[in-house]
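These are the residues of each chain, in order.
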Amino acid sequence: MRWQYVTVLMLLLALLAAPGAAQGTKYLYGSPDLSATISGTNEFAPGAETNLAIIVSNSGLNTHKIYDSTLVTPDDAPNTAKLVTVALKSSDASFTIKTDPQFLSDIVGGGAATATFEVKVADSAEPGTYVLPLEVTYTYLADAEEYGSDLLRYNYQKKTETLPLTVRVTPDLQVEVLDVRSESLNVGTEGYVYLTLKNIGHDTANNAIAKVTRNGASPLIPTDGSAYVGTFEPGETVDMKFKVSVADSAEPLSYPLDVVVTYEDYEGSTATSKAVTIGLPVGGKIDFEVVSPMSILYLGSNSVLEVVYKNTGAATVYNAQARISAVDPFTSSDDTAFLGDLAPGETATARFDVNIDSDGTEKEYGIDSEIRYRDDLDNSKISDTMKVRVALEQRQGTIFTNPIFLVAIAAVIIGAGYYIFVYRKKQK
């Protein structure tokens with residue numbers, strides 16, 4: 001069977017000696033051919049900030065090459081773009097490129113690579129078509145000179161070219177707040193916000209609805225925050241009114257509130273304008289204080305408790321009513337008193353009928369009291385609880401309440417009556 005192995009060996013030697021075996025390659029023509037496209041949409045509204053993904057493709061071909069066993073094949077093909085660096089430029093103030101040039105390494109013929117740039121469109125950008133130049137720098141193999149059978153000298157060339165990228169700025173609605181007024185905005189209450197809005201954009205907003213929305217954790221919370229505008233033309237102004245509440249935890253400071261407009265754009269799609277943040281001053285909390293001195297009442301008596309209340313807050317209250325919570329040893333058949341309207345700093349006196357048990361303890365008491373009132377928007381509110389200080393004492397006895405004195409007086413009266421009766425009888 002050894003002759004079979006000899007036959008196989010002879011065949012392998014014949015293949016090695018056949019034309020084209022272990023041949024080298026030399027490219028006569030070829031170079032990179034780069035182009036750039038935007039991945040995704042190329043339409044952006046004024047004020048948009050986006051990550052623009054750009055695909056750089058190499059469609060370069062090697063059109064001629066020769067094979068020869070005496071040639072040494074170079075490491076790189078001439079249509080390979082090596083050490084590619086891309087830089088997105090802006091030839092117009094409408095665009096700001098926030099990303100530095102990017103290195104993409106090598107792009108072979110038929111291959112592609114992606115670079116992403118952060119792009120900001122100016123709020124003032126006019127609608128229309130713009131061209132963003134993409135500057136591409138790369139190196140490619142121009143030719144390779146062969147010296148002998150084992151030496152190649154590469155001739156690389158560096159090239160920079162600019163590839164145009166077309167983008168479009170779409171018309172949009174931009175809102176400017178020309179005037180801000182507030183009414184009755186106090187801590188813990190509800191008030192009105194009046195705004196004058198102007199469309200400074202380039203799109204006619206159809207079925208526009210103006211809205212105020214809460215800004216983060218701001219204590220300003222819209223309770224009636226939408227108003228219908230209708231058609232909102234570029235350059236047009238509208239006056240809007242909204243109702244906003246202020247959280248009890250707020251302080252008398254200025255707080256943010258956001259303003260947006262939702263609408264149908266030029267394509268009939270629903271869109272929302274960029275939020276505009278405004279600041280609104282908030283007045284102090286509506287509060288009250290008991291300013292009357294401690295009252296002294298007597299055990300076992302039916303008394304009138306007079307309490308003077310003062311509006312120590314920052315807004316007028318209306319139809320105020322004071323109320324006490326009578327607990328043992330106090331009872332009351334009339335625990336509510338009308339105070340009326342109280343402007344900041346004004347006082348009013350409330351009078352309550354109270355009964356005090358005779359077996360109560362002589363000491364100082366604190367009776368809980370509160371005021372129910374109406375604010376500027378006719379909302380019913382209740383104040384914080386206040387303490388009304390009352391001292392109970394035992395009424396000290398007097399000569400007029402001494403039982404012996406009263407018996408003596410009674411005896412004198414009876415004796416006098418008897419004397420008069422006898423005297424008149426003798427006169428007859």
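Quick notes on the rules
- Residues numbered from 1 in each chain as written.
- Predicted model: local features only at pLDDT ≥ 70, side-chain atom pairs only at ≥ 80, totals over all residues.
- Heavy atoms only, no water.
- Core = buried A, V, L, I, M, F, W, Y, C linked by side-chain atoms within 4.5 Å.
- Buried < 20%, exposed > 50% of the residue type's maximum accessible area, 1.4 Å probe, protein only.
- Helix = DSSP H or I, 4+ residues; strand = E, 2+ residues; numbered from the N terminus.
- Contact = heavy atoms within 4.5 Å.
- Pairing = 2+ DSSP bridges.
- Axes fitted to C-alpha atoms, helices over the stretch in contact; angles between N-to-C directions.
- Lys, Arg positive; Asp, Glu negative; His and termini not counted.
- Salt bridge = Lys/Arg side-chain N within 4 Å of Asp/Glu carboxyl O.
- Polar contact = N/O pair within 3.5 Å; in protein donor to acceptor, adjacent residues only side chain to side chain.
- pLDDT = per-residue confidence, 0-100.

**What about the nonpolar core?**
Next up, step 1: The biggest cluster of nonpolar side chains holds 31 residues, and the ones touching the most others in it are Leu 195, Leu 197, Leu 220, Phe 232 and Met 240.
Next up, step 2: For this core, the secondary-structure elements that each account for two or more residues are strand 12 (175-183), strand 13 (190-199), strand 14 (205-214), strand 16 (226-232), strand 17 (237-246), strand 18 (254-264) and strand 20 (276-281).
Next up, step 3: Met 240 has contacts with Val 193, Tyr 194, Leu 195, Leu 197, Ala 210, Ala 227, Tyr 228 and Val 229, leaving out every residue within four places of it along the chain.

**Topic: the sheet that holds strand 9 (residues 112-121)**
Next up, step 1: The sheet built from four strands is open, its strands ordered 2-4-9-7 with antiparallel pairing. Each edge of the open sheet carries a strand with a single partner, namely strand 2 (34-39) and strand 7 (95-97). Strand-to-strand twist across the sheet, computed as the mean angle between neighbouring axes with direction ignored, equals 35°.
Next up, step 2: Summarising the sheet, strand 2 and strand 4 (residues 49-58) pair through six bridges and their orientation is antiparallel. Residue pairing across strands places Thr 37 opposite Ile 55, the latter belonging to strand 4.

**A closer look at the side chain of Glu 190**
Next up, step 1: With respect to the secondary-structure elements, Glu 190 resides in strand 13.
Next up, step 2: Within the buried set, Glu 190 has no salt-bridge partner at all; the shortest N-O distance to an opposite charge, 4.6 Å, is to Lys 243.
Next up, step 3: Side-chain polar atoms of Glu 190 contact the side chain of Asn 379, separated by 2.9 Å.
Next up, step 4: Residue contacts for Glu 190: discarding those within four places in its chain leaves Ser 184, Thr 223, Lys 243, Val 244, Ser 245, Asp 375, Leu 377 and Asn 379.

**Focus: unusual backbone geometry**
Next up, step 1: In this structure, Pro 329 follows Asp 328 across a cis peptide bond, with omega equal to 15°.
Next up, step 2: Among the structural elements, Pro 329 can be located in the loop between strand 24 (317-325) and strand 25 (330-334).
Next up, step 3: For Ser 184, which is not a glycine, the phi torsion comes out positive at approximately 65°.
Next up, step 4: Although it is not a glycine, Asp 378 adopts a positive phi angle of roughly 65°.
Next up, step 5: Tracing the sequence through the fold places Asp 378 in the loop between strand 28 (364-374) and strand 29 (380-382).

**Here's the deal with the confidence of the model for the chain**
Next up, step 1: Within the chain, residue pLDDT values average 86, and 82% of them lie at 70 or more.
Next up, step 2: In this model residues 5-21 is a low-confidence stretch, pLDDT under 50, and it forms three contacts with partners more than four residues away in sequence or in other chains.

**Concerning the side chain of Thr 80**
Next up, step 1: Structurally, the position occupied by Thr 80 is in the loop between strand 5 (64-68) and strand 6 (81-88).
Next up, step 2: The contacts of Thr 80, once residues within four sequence positions are left out, are Pro 32, Asn 58, Asp 106, Ile 107, Val 108, Gly 109, Thr 139 and Tyr 140.

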